[in-house]
There are 2 protein chains.
Amino acid sequence: MAKKNTMTSAAQSARSRRKVKARKVVQMVYSFGKSKTEGDASMRPLLGGKGANLADMTSIGLPVPAGFTITTETCAEYFNSGRKLPAAMMDQVHQGVKRLEKESGKEFGSSTNPLLVSVRSGAAVSMPGMMNTILNLGLNDETVAGLAERTGNERFAFDAYRRLINMYGDVVMEVPHHVFEAEFDKIKTKEGVREDNDVSIQGLKQLCVAYEAVFKKAAGIDFPQDPLQQLELAIEAVFKSWMIDKAVTYRRIEGISGLAGTAVNVQAMVFGNMGEDSGTGVAFTRNPATGQNQFFGEFLVNAQGEDVVAGIRTPHPVEKMHLWKADNYKTIGREIKATLLEIKDILERHYTDVQDIEFTIEQGTFYILQTRTGKRTSAAAVKIACDMVKEGLIDEKTAIMRVPAAGLTQLLLPSFDPRAKLDCELLAIGLPASPGAATGNLAFSAEEAVKRTLAGEKVLLVRKETSPEDVDGMHHAAGILTSTGGMTSHAAVVARGWGKCCVAGASEVEIDEIAHTMTVQGKTYNARDTISIDGSTGEVFAGEMATVTPKLSSEFKKLIGWADKVRTLAVRTNADSPEDAKRARAFGAEGIGLCRTEHMFFEGERILAMREMILARDLESRQAALAKLLPFQRDDFVGIFTAMNGLPVTVRLLDPPLHEFLPHGGRSQRDLGELLGVGTKAIATRVNQLKEMNPMLGHRGCRLSITYPEILVMQVTAITEAAIRCLSGKRRVKAMPEIMIPLVGTYRELEVLRQLTIETIAAVKKAKKFTGKLNIPVGTMIEIPRAALTADEVAAHADFFSFGTNDLTQMTFGFSRDDINSFLPDYLGQDLLPEDPFESLDVSGVGQLVETAVQKGRSVKPGLSCGICGEHGGDPASIDFCHKVGLDYVSCSPFRVPIARLAAAQSAL
Amino acid sequence: MAKKNTMTSAAQSARSRRKVKARKVVQMVYSFGKSKTEGDASMRPLLGGKGANLADMTSIGLPVPAGFTITTETCAEYFNSGRKLPAAMMDQVHQGVKRLEKESGKEFGSSTNPLLVSVRSGAAVSMPGMMNTILNLGLNDETVAGLAERTGNERFAFDAYRRLINMYGDVVMEVPHHVFEAEFDKIKTKEGVREDNDVSIQGLKQLCVAYEAVFKKAAGIDFPQDPLQQLELAIEAVFKSWMIDKAVTYRRIEGISGLAGTAVNVQAMVFGNMGEDSGTGVAFTRNPATGQNQFFGEFLVNAQGEDVVAGIRTPHPVEKMHLWKADNYKTIGREIKATLLEIKDILERHYTDVQDIEFTIEQGTFYILQTRTGKRTSAAAVKIACDMVKEGLIDEKTAIMRVPAAGLTQLLLPSFDPRAKLDCELLAIGLPASPGAATGNLAFSAEEAVKRTLAGEKVLLVRKETSPEDVDGMHHAAGILTSTGGMTSHAAVVARGWGKCCVAGASEVEIDEIAHTMTVQGKTYNARDTISIDGSTGEVFAGEMATVTPKLSSEFKKLIGWADKVRTLAVRTNADSPEDAKRARAFGAEGIGLCRTEHMFFEGERILAMREMILARDLESRQAALAKLLPFQRDDFVGIFTAMNGLPVTVRLLDPPLHEFLPHGGRSQRDLGELLGVGTKAIATRVNQLKEMNPMLGHRGCRLSITYPEILVMQVTAITEAAIRCLSGKRRVKAMPEIMIPLVGTYRELEVLRQLTIETIAAVKKAKKFTGKLNIPVGTMIEIPRAALTADEVAAHADFFSFGTNDLTQMTFGFSRDDINSFLPDYLGQDLLPEDPFESLDVSGVGQLVETAVQKGRSVKPGLSCGICGEHGGDPASIDFCHKVGLDYVSCSPFRVPIARLAAAQSAL
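Residues numbered from 1 in each chain as written. Chains lettered and ligands numbered in written order. Predicted model: local features only at pLDDT ≥ 70, side-chain atom pairs only at ≥ 80, totals over all residues. Heavy atoms only, no water.

What follows concerns the overall build of chain A. Within chain A, the regular secondary structure consists of 35 helices and 31 strands. Projected onto its principal axes, the C-alpha positions of chain A cover 105 × 70 × 50 Å. Split by element, the accessible area of chain A, about 36,700 Å² in all, is 50% carbon and sulfur. A gap of 7 Å separates the mean positions of the 106 positive and 110 negative side-chain charges of chain A. (Helix = DSSP H or I, 4+ residues; strand = E, 2+ residues; numbered from the N terminus. Areas by Shrake-Rupley, 256 points an atom, 1.4 Å probe, with all protein chains shown as cover. Lys, Arg positive; Asp, Glu negative; His and termini not counted. Charge placed at Lys NZ, Arg CZ, Asp CG, Glu CD.)

This is the structure we're talking about:
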């Protein structure tokens, strides 16, 4: 439905644009208000999310202050023409202002009844706090007096004026905030008061004069007195803010692209700071942390909206709004609360999703200023989605799409062990702003958090409060702790959006951002100290804390169940032991996509036999050592096949270079020499011989089987014997092994080794006199670029492909994963890579090879089974890619299986 | 011309085949002779080279014994139908035999006047000695008597019969040769003679009986007495030999594919062993070693052709043929020699190329048995091609195509220093069978030569004589030495074809192939001893010998001049010093395609400053160290730009990991620590820090410039200052630097570094107040698979692409060149790779990436300059690929420049 609307409207708007162009005038301004509303909810690309919603809300009769929206395309045009405002724009703005004057009965620039407006940014995608906002525009030295007279509130008028000058200087003229702060401090000192609100009216008047003076000094021009000029410069400033670093960074981190620019919303001002019968607040229609269907919000009396969001004053919860009394002791809260709850229901029914709203009460009159889809934790997303299906608001498919798969990590990642908490020193309790648990050393600035994280350290970002300047640091830190601000403060909102652990407003904590210290309970902590924070409880602990594995909610299971119905990608797991296999199966794994055999060689007696094999001087003694390894391998496989009874298990043959199995210390070499009776020197020599300059590109994978086919023979024998034992045993375990030959670069390698594998399987069946059904597919891992490039040749000899995207990424980029840390931080920091390519699949390079290989492989073998077994198999963005290129399954670590199931469903939808 | 003929004839033969098929009988037998000749020279694919030529020679009136050819398609049909002879074949063979009987007046199987035939293989491409041959077929216990009577030469008749039984047993029945040898020895012992020819007639008769007995014992059947049965089995044996290992190996090594099979040539026998007025020989129409226009051949009196080729008896040179006297003291040689010279001229005019012919004189009558294009050394190929242009036989383009570019290495590779020879012990002088110089340890069997060469040893294959079984060993050995056989022996012919150094018939050398020793001048040498052989002089020396660089012949220069006129690929060189640059320019290099800068940092003071830079703790001290390096770099570039005055010089910025520049020994670390005043420990720590698991995939190439942009700035400054100095200097040297940024994997790397490079160039120009013309292109090396895959993105920021196919091969295959030796021998030995991919470009994998990159690069930047600077740039097969994918130039090591020029011309043609 939504999609159809969008398309229709896009077509409509394109048509109307064409029509308008024919008349040589593009419509750049869209009005909303009682008398005329031109936009609707489907016009987000053109009007931005805020503008479209304001028009939409106006249409459904909500009390939205009138205004107009300047389109995102006007912003694009501004940048396309070298930062010049389109010629006709201000004419259209003027028309918009005239309509506003008409609706409000006020006049822009009037010294008796002045119209004031807000100017806000609003792109098609919500970017909280990223863009600049100007309030109270329209005030000047004359109109301020008119406002004072008209409202009978001189304090309010001059406070509004000083706010305008400050904000305008800050946003439009880049006057540093501190020059205004200094003037404010002077006045406060002079009057002997501490709080802003305690300054006298006279003080505020003086402050306005002082602000104008510092404005002129810093900006080089007088503060503009013409309201239309104010407006023009303000609109341009909003446009400019689209390209400032923090906005660009946010879009990069969030992967937002393809937007034209930001829209500008000009709206008649309403004031929450016009006395004790005024107020402002923000609210979520449901609890964004837990998802409970419980209205959730905060408000401040006699305040502007920015005060709530910035976290400067601690707000009241909306549950207590009915207790709000005005100056005249009249209880005004009850009525307002009722309005609010009514609007809440209208909004949820209208948008069928949780809404994050801003509202203002001006002298007892309720206004809604903004609504947008509410950010929420993953746990909340799951619960809300399930609840809304139950309530009939959305269907199952919509529910699936409502839960960002990547965020589910927070539900699946360990939390603190409650028992461990008993042993740790509880330092403070703040607000549980974003659930999860995090431990790290203290970082006191965003920059520091980025730097130290990239250098491999685990840090928590610790700030009094966060601001949009901090987003990069918040993104990198393991968690966030603030000492001021509420559940809807910047830190809380952003952290929840990312599923990052956050404790906000922990007021016992005193933070010195200059000295880089944090003092709590009389003790001072610095950058070398470690603390632990619990975002689900708000607790802050000293030191590092142990964690426990989480349990899945029944909603989560229900949602994943719906996902299973729609996804087409199978989800397997990477598991090397019966325990891992069982765990993954419990998470819903449909088989093992990667069972590495090398880990099986490290324990006890095995490693000794393995080393004996490696050190063997001839085939005979190598075979003797392999014969010792055979029973261990067989038993391992019996265990794994049993755990995966009835599901496929893809076993990768020995992959790492032999050197990895040898002892490197002098002492361990001596011990081994004695044990094997060959002397230390022989061991040292062989270890040295096997050393490689670039082991990643050396004698490993199938290359080992080419030079030592007897290793392959032993492993295939173990797999086949284990399968036969399972199938013939009392329990009739249905073993379904698949044999995967790693590191193939040319079809000839696979041709030769596949032949040997098939012969070995046949020989084992014959020796064991097994006549039952046992078909073991033999396939290969595609992890060498050449194998992908020549996949048509390779496919002729493969029963399946499995993409080993870890190695494929290493070779496609020429990056050694072991060595990348010496330059990856610079690459991410300088924006040379969008992300670590080992975390999320590089679609344009590595992905191109995967796609080529799938196409070429299936061109000669239609329906060839293709999967992915690199670590990317658990990353939702990568899973989406896998779905698009037509893979049959992804395989990932056990705890990521549920994420993969959901992500696969989302891709299918 | 030739091509047109082929096509017309192919079409004709296809048409005639269709016609024949319509009548349901495929023509399998094509006759040649006075009465009827069905084939011609253009029918090589169907009749094989030998059969087509026999038909062709018959047509132009040369004295060729009559015969017929069974087609290659019959051979293919034989294998396709599971090794069954096509039903109708023997009928057609019978028809052919009948015509032969008619032409010769003899009768197949007659006891009074028997027709004897030879059966020879002959594929479309010449494979000397690879296929089996049977002579004297048609003899049996009865016809042998008839032959004796008819020729009046009983010795001849029984000698022919014993040869048939022997050869037939060997070739058709796989009876080991030694069982016949043993019988011969018995007779010789009994008669007390040493030479075969000294055995009495009676003895030969007994020998035939004895041969029949051992034949029956070994083969399990009587020696077939029915001549037609003999013929059928012999034809089948020739077909079978197409698929024996040595033939398959030869085709693999030579890269021969796409042939249907071998043809079989059945031809009336003529005898060179019918007395002193009979003889046989082989000749080249020009000297195949030097190319001089000098008839060059050898003959034996009273012998069969095999005796010459096998090198058992030492033949006479044809120059002395006029001295040949028959039994009756009549000089018959003068007339025969005249015939031979006349035929030589006819053949060269007809085939417009050097011919390698076999001839036989039967009782004074001259017959030509075979002609084929003569194999020759590269020096000879060059001279012959040039001479033939002068003689008007061929044009320049044909001349260019006549010289295999790969073989030119032998003209450009060092030969022994004549002065060094004075200091070495001359052991023997053999025949200068194939020019060049080689040094190596002794290997006494082909197998050993293969094994030890693959293990990295340099060996000479030392054999009494070589046989087709030895080709693999000959291919691998550095050179070949034989103690018997002439200039046309197997060893000599094969070695010349490959351009491999060979000394043949060094009779002073006694070789014990069992004991694996060689004795000469009373001293015994074994596998551990080194000798040196000069294939241009036939000299054999003890020990290893120094070499000198060769001079190019005037013909060579002329040929390369012609090549320059037709080639479209430019040829640059890889050079890092003014000396290399000068040498390459003398060889015709048209610029430097790869100037590595890292080598410049290793000498004297530079390495110290380099280490200081690497060990620097901060930007400031790193810049201080770089400032010391700047003048060195600048002076190096001035030298190189001057040497390449007016030609482009592509400078690659620093590429290797910094670790390579640091001292690794404890002592050298201590020295450095003292010198830099930082202590040994600091050095050791930093060396350790910089160590990488996989340096090939680590912090190197442009990644260094990303983390340390100041290194790039220093290098670009040095390049720009050097260029300005050249351009502004008195000599007005036209410096044309190009800056190449290595190891780019994403376009962003290039975008950022290109910007810095351009800014640095501009800054230097400004600082030097340079206002002249200096345009420095900034491009990149494509050596990371991802760069090739995303070449469209990369090209937007590159002025040129240069393919670094060494690294590209490493990453595309996942092969570390440093570590490949642990498995490459197995890969080549088991035919998993056709050749070392670092020697000849892997077209299907690495080549695919190169092609993709060129296409994508030019899709966004038409005409983008593309070159190759990996070592493949000097390999003719790779050059051909480069031409086909549309590169602009290849860059190779200086001495390969002429090869590349010729190869480029051949590709263009």
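Before going further, it helps to spend a moment on the sheet that holds strand 5 (residues 263-268) of chain A. Residues and elements named next belong to chain A. Read across the open sheet, the five strands follow the order 1-2-5-3-4; overall the sheet is antiparallel. Each having just a single partner strand, strand 1 (29-32) and strand 4 (133-137) make up the two edges of the open sheet. The mean angle between the axes of side-by-side strands here comes to 20°, regardless of whether they run parallel or antiparallel. One ladder, built from four bridges, connects strand 1 with strand 2 (residues 67-70); its direction is antiparallel. Each bridged residue has a counterpart across the sheet, and for Phe32 the counterpart in strand 2 is Gly67. (Pairing = 2+ DSSP bridges. Axes fitted to C-alpha atoms, helices over the stretch in contact; angles between N-to-C directions.)

So, about the pattern of salt bridges. All names here are of chain A. Tallying each qualifying case throughout the model produces 83 salt bridges over all chains. In this structure, the salt-bridge partner of Lys383 is Glu555, at a minimum N-O distance of 3.5 Å. Residue Lys383 is found in helix 13 (residues 378-390), and its partner Glu555 is found in helix 20 (residues 554-566); the two are separated by 172 residues along the sequence. Connected via shared salt-bridge partners are Glu598, Arg652, Asp655, Arg700 and Asp807. (Salt bridge = Lys/Arg side-chain N within 4 Å of Asp/Glu carboxyl O.)

Let us now look at the relation of the copies chain A and chain B. Between the two copies of this chain, the relationship is a rotation about some axis together with a displacement along it. Take chain A, turn it by 178°, move it 0.0 Å along the axis, and it overlays chain B with an RMSD of 0.5 Å. Interpreted geometrically, this transformation is the action of a two-fold axis. Within chain A, the C-alpha atom positioned nearest to the axis of rotation is that of A:Asn694, 1.9 Å from it. (Least-squares fit on C-alpha atoms with pLDDT ≥ 70 in both.)

What follows concerns the nonpolar core. Counting 310 residues, the largest nonpolar core has A:Phe641, A:Phe801, A:Phe803, B:Phe641, B:Phe801 and B:Phe803 as the members making the most contacts within it. Filtering out sequence-adjacent residues up to four positions away, B:Phe801 remains in contact with B:Thr780, B:Ile782, B:Ala791, B:Val794, B:Ala795, B:Ala853, B:Gly857, B:Leu864, B:Ser865, B:Cys866 and B:Gly867. (Core = buried A, V, L, I, M, F, W, Y, C linked by side-chain atoms within 4.5 Å. Buried < 20%, exposed > 50% of the residue type's maximum accessible area, 1.4 Å probe, protein only. Contact = heavy atoms within 4.5 Å.)

With that out of the way, let us pick up the pairing of strand 10 (residues 365-373) of chain B. All names here are of chain B. When strand 9 (residues 355-362) meets strand 10, the two strands line up antiparallel, connected through eight bridges. Counterpart to Thr360 in the pairing with strand 10 is Tyr367. Linking two consecutive strands that pair antiparallel, namely strand 9 and strand 10, is a turn of two residues; a positive phi of about 45° is found at Gln363 within it.

Glancing now at the environment of B:Met740. All names here are of chain B. Position of Met740 among the secondary structure elements: in strand 27 (residues 736-741). For the pair Met740 and Gly779, spaced 39 residues apart in sequence, the C-alpha separation works out to 4.9 Å. In this structure, Met740 is in contact with Gly593, Leu594, Thr650, Val651, Arg652, Leu653, Gly779, Thr780, Met781, Phe800, Ser802 and Cys869, ignoring residues within four places of it in sequence.

This next bit is on the packing of aromatic side chains. Residue and element names in this part refer to chain A. Enumeration over the complete set of coordinates arrives at 34 aromatic pairs over all chains. Seen in terms of ring centroids, Phe156 and Phe271 are 4.6 Å apart; in terms of plane orientation they differ by 80°. Their pairing is edge-to-face. Placement of the pair is Phe156 in helix 6 (residues 154-173) and Phe271 in the loop between strand 5 and strand 6 (279-284), with a sequence separation of 115 residues. No difference in accessibility class separates Phe156 from Phe271, as the two residues are buried. Each member of the aromatic cluster is reached from another via a ring pair, and the members are Tyr161, Tyr168, Phe215 and Phe223. (Phe/Tyr/Trp six-rings, centres within 6.5 Å; stacked < 30°, edge-to-face > 60°.)

Here we come to the interface of chain A and chain B. At the junction of the two partners, chain A supplies 45 residues and chain B supplies 45 residues. One can count two salt bridges joining chain A with chain B. Where chain A packs against chain B, one counts 32 residue pairs in polar contact (both at pLDDT 80 or more). When residues of the side of chain A that touches chain B are traced back to their parent elements, those giving at least two are helix 26 (702-707), helix 28 (747-767), helix 29 (785-789), helix 31 (805-813), helix 32 (824-829) and helix 33 (843-860) of chain A. At five residues, the largest contribution of residues to the side of chain A that touches chain B is made by helix 33 of chain A. (Polar contact = N/O pair within 3.5 Å; in protein donor to acceptor, adjacent residues only side chain to side chain.)

The end-to-end C-alpha separation of helix 28 (residues 747-767) of chain B is 30 Å, in line with the 30 Å expected for 21 residues at 1.5 Å each. What helix 28 of chain B keeps buried is the set B:Arg748, B:Glu749, B:Leu750, B:Leu753, B:Arg754, B:Thr757, B:Thr760, B:Ile761 and B:Val764. At its buried positions, helix 28 of chain B is contacted by helix 32 of chain A together with helix 26 (702-707), helix 27 (709-728), strand 27, strand 28 (778-782) and helix 30 (791-795) of chain B. Phi turns positive, to about 50°, at B:Lys769, one or two residues after helix 28 of chain B. (Expected span 1.5 Å × (residues − 1).)

Residue and element names in this part refer to chain A. Where burial is concerned, the two faces of strand 2 agree: the one with Gly67 and Thr69 and the one with Phe68 and Ile70 are both buried. Relative to strand 5, strand 2 runs antiparallel, the two sharing four bridges. Bridge assignment links Thr69 to a residue of strand 5, and that residue is Asn265.

Here we take up the environment of B:Thr809. Residues and elements named next belong to chain B. One can find Thr809 in helix 31 (residues 805-813). In the structure, Thr809 is positioned 298 residues away from Ile511 in sequence and 43 Å away in space, judged by C-alpha atoms. Excluding residues that lie within four positions of it along the chain, Thr809 makes contacts with Gly814, Pro837, Phe838, Val846 and His872.

Residue and element names in this part refer to chain A. Strand order around the closed barrel formed by eight strands is 24-25-26-27-28-29-30-31, with parallel pairing between neighbours. Recorded for the sheet is a direction-independent mean angle of 30° between the axes of neighbouring strands. Where strand 30 (residues 865-868) and strand 31 (residues 889-892) come together, two bridges link them in parallel fashion. By the bridge assignment for strand 31, Gly867 is matched with Tyr889.

Turning our attention to helix 2 (residues 44-59) of chain A. Residue and element names in this part refer to chain A. Look at helix 2: only 15 Å from first C-alpha to last across 16 residues, short of the 22 Å you get at 1.5 Å a residue. The largest bend in helix 2 amounts to roughly 75° and is located at Lys50. Within helix 2, 13 of the 16 residues are buried, leaving the element largely enclosed by the surrounding structure. (Bend = angle between axes of the 7 residues up to and from the residue.)

With that out of the way, let us pick up the environment of B:Gly698. Looking at where B:Gly698 falls in the secondary structure, it is placed in the loop between helix 25 (680-690) and helix 26. Taking the C-alpha atoms as reference, B:Gly698 lies 67 Å from B:Thr280; in sequence the two are 418 residues apart. With residues near it in sequence (within four places) discarded, B:Gly698 still touches A:Asp819, A:Phe823, B:Glu692 and B:Arg703.

Right, let's get into unusual backbone geometry. Residue and element names in this part refer to chain B. The phi torsion at Glu174 lies on the positive side, around 55°, for a residue other than glycine. On the secondary structure map, Glu174 appears in the loop between helix 6 (154-173) and helix 7 (177-191). With relative accessibility at 68%, the residue Glu174 sits in the exposed group. Of note, Thr352 is a non-glycine position whose phi angle comes to about 45°, a positive value. Residue classification places Thr352 among the partly exposed positions, given a relative accessible area of 23%.

All names here are of chain A. Mapping Asn574 onto the fold places it in strand 24 (residues 570-574). A distance of 2.5 Å separates polar atoms of two side chains, one belonging to Asn574 and the other to Ser891. When residues no more than four places from it in sequence are discounted, the contact partners of Asn574 are Gly593, Leu594, Arg596, Cys869, Gly870, Ser891, Cys892 and Pro894.

In a pair of packed helices, the angle between the axes and the distance between the axes together describe the arrangement. All names here are of chain B. Where helix 20 (residues 554-566) contacts helix 35 (residues 897-908), the two axes come as close as 8 Å, and the packing angle between them is 45°. As judged from the angle between their axes, helix 20 and helix 35 are oblique. The two elements helix 20 and helix 35 meet at a crossing, and its hand is left-handed. Contacts between helix 20 and helix 35 pair Phe556, Leu559, Ile560, Ala563, Asp564 and Val566 from the former with Pro898, Arg901, Leu902, Ala905 and Ala908 from the latter. For the contact of helix 20 with helix 35, the per-class residue count stands at nine nonpolar, no polar and two charged. (Parallel < 35°, antiparallel > 145°, perpendicular 65-115°, else oblique. Left-handed = near helix turned anticlockwise from the far one by under 90°. Nonpolar A, V, L, I, M, F, W, Y, C, P; charged D, E, K, R; others polar.)

So, about the packing of helix 6 of chain A against helix 7 (residues 177-191) of chain A. Residue and element names in this part refer to chain A. Running from N to C, helix 6 and helix 7 cross one another at 155°; their axes reach a closest spacing of 9 Å. Taken together, the axes of helix 6 and helix 7 lie roughly antiparallel to each other. Between helix 6, through Arg162, Ile165, Asn166, Gly169 and Asp170, and helix 7, the contact on the second element is made entirely by His177, Phe180 and Phe184.

Remember that the coordinates give geometry; whether it matters functionally is a separate question.
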